[in-house]
Amino acid sequence: MMRDARYQQIAQKWGVTYLPERPSGFAVFLLGDNGIITRKNDSDWELHPEKSLFLTGLLQRGYTVVVPPLHPSHWGSEEDYRIVLHMYHHVLKQEILNRRIHILAEGTGALLALRWIAEEKECLRSCYFINPCLDLHAFYRQEQEHKWFFKRLEKELADVYQEDKRQITDEWIQLIAPSYTFDDVPPLSIHCDMNEKRFPLHIHSRPFLQKLAELNTYVNLRIHGNEQSFYRTAQAAYPFFKKHEVKL
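Residues numbered from 1 in each chain as written. Predicted model: local features only at pLDDT ≥ 70, side-chain atom pairs only at ≥ 80, totals over all residues. Heavy atoms only, no water.

1. Some thoughts on the overall build of the protein chain
- For the protein chain, the count of helices and strands is 10 helices and eight strands.
- Taking 2.2 N^0.38 as the reference for a compact globule, 248 residues should give roughly 18 Å; the C-alpha atoms of the protein chain span a radius of gyration of 17 Å, in line with that estimate.
- Its C-alpha atoms put the protein chain at 50 × 40 × 35 Å along the principal axes.
- For the protein chain, the proportion of its 248 residues judged to be buried stands at 56%.
- When contacts within the protein chain are restricted to residue pairs at least 6 apart in sequence, long-range pairs at least 24 apart make up 76% of them.
- Looking at the protein chain as shown, the accessible area adds up to about 12,200 Å², and 49% of this sits on carbon and sulfur atoms. (Helix = DSSP H or I, 4+ residues; strand = E, 2+ residues; numbered from the N terminus. Rg over C-alpha atoms; globule rule 2.2 N^0.38 Å. Buried < 20%, exposed > 50% of the residue type's maximum accessible area, 1.4 Å probe, protein only. Contact = heavy atoms within 4.5 Å. Areas by Shrake-Rupley, 256 points an atom, 1.4 Å probe, with all protein chains shown as cover.)

Written as structure tokens, this is what we have:
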């Protein structure tokens, strides 16, 4: 499928806005996991077969789809969140869109979504998380058991936060990590593979839901088996998004 794509460079990184043939007036922001990259003329959301299939489905349903420019290993950083917000305001100036947008976040993209929920949740119509990283501190402690991966994590955090590697400590992680400082969330659906090893259900999604439940906030959690493909997990976002467009 030919796509009308507008590429934009912010802070030396590329983002892209995909425009549908018949706009519905609603937008979806795709907050990707670490390693999902957009270049000058293409994006991993186009090149990855499963992600491309999902992207095509969004466009066919009339969604304007936005892929913000992010560091390759962004880890939900404050700088990357500010870039996401910049892209949000830019797209609203360029296109005729409802100001309340949908989010689909995968992996570490959920850390950016947490920042958005905590700071400006009035911009968000609904959120759909796939195998989300919801606790950077817990992941940091988990990786300490794997020396090579831990060293790589330290370097990535130092790079994206522009910090001396020697300052990357347990206490520092707790200070910079997105926290659950909100008492309410937009409509949220979380989808997890029961065999997910990087961001395990019992370390990320279940504790997150428990904290929300203590605030009398309940969200949908769906657990998938048999290592379900990205598209099969993501396609339930279509009716989920549509459900939350009745009230403009």
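There's plenty left to go through after this.
2. Remarks on helix H6 (residues 147-160)
- Helix length check: H6 (14 residues) gives 20 Å between terminal C-alpha atoms against 20 Å at 1.5 Å per residue, within 8%.
- Within H6, burial applies to Phe-150, Leu-153, Glu-154, Glu-156, Leu-157, Ala-158 and Val-160.
- Structurally, H6 contributes buried residues whose contacts are with helix H3 (78-94), helix H5 (136-143) and helix H7 (170-176).
- Positioned one or two residues after H6, Gln-162 has a phi angle of 50 degrees, which is positive. (Expected span 1.5 Å × (residues − 1).)

3. Concerning the packing of H5 against H6
- Two numbers describe how H5 lies on H6: the axes approach to 8 Å, and their chain directions differ by 140 degrees. On the basis of their axis angle, the class for H5 and H6 is oblique. Along the contact surface, H5 presents Leu-136, Phe-139, Tyr-140 and Glu-143, while H6 presents Phe-149, Phe-150, Leu-153, Glu-154 and Leu-157.
- Within the contact of H5 with H6, the residues separate by chemical class into seven nonpolar, no polar and two charged. (Axes fitted to C-alpha atoms, helices over the stretch in contact; angles between N-to-C directions. Parallel < 35°, antiparallel > 145°, perpendicular 65-115°, else oblique. Nonpolar A, V, L, I, M, F, W, Y, C, P; charged D, E, K, R; others polar.)

4. Considerations on unusual backbone geometry
- We note that Gln-12 has phi near 65 degrees; this positive angle belongs to a residue other than glycine.
- Relative to the assigned elements, Gln-12 resides in the loop between strand E1 (4-10) and strand E2 (13-19).
- Not every positive phi belongs to a glycine, and Gln-162 is a case in point at roughly 50 degrees.
- Along the chain, the position of Gln-162 falls in the loop between H6 and H7.
- By relative accessible area, Gln-162 is classed as exposed at 66%.

5. A few points about the pairing of strand E4 (residues 64-67)
- What you see with E4 is no split at all: Thr-64 and Val-66 on one side and Val-65 and Val-67 on the other are buried throughout.
- Sheet topology note: the E2/E4 ladder contains three bridges and is antiparallel. Paired with Thr-17 across the strands is Val-66, a residue of E4.
- Two elements, strand E3 (residues 27-31) and E4, share three bridges in a ladder whose sense is parallel. (Pairing = 2+ DSSP bridges.)

6. Considering the pairing of E2
- With six of seven residues buried, E2 is to be regarded as a mostly interior element.
- Examined bridge by bridge, E1 and E2 share seven bridges and lie antiparallel to one another. Within E2, the residue paired with Ala-5 across the bridge is Tyr-18.

7. Observations regarding the nonpolar core
- If you look at the biggest cluster of nonpolar residues, it comprises 57 residues, and the most contacted ones within it are Phe-29, Ile-103, Trp-116, Phe-129, Leu-157, Ile-190 and Phe-208.
- Sort the elements by how many residues they give to this core and H3 lands first, with eight residues.
- When residues no more than four places from it in sequence are discounted, the contact partners of Ile-190 are Phe-129, Pro-132, Leu-134, Ser-205, Phe-208, Leu-209, Val-219, Asn-220, Leu-221 and Arg-222.
- Counting 23 residues, the second-largest nonpolar core is a separate cluster that includes Tyr-18, Leu-30, Leu-58 and Ala-234. (Core = buried A, V, L, I, M, F, W, Y, C linked by side-chain atoms within 4.5 Å.)

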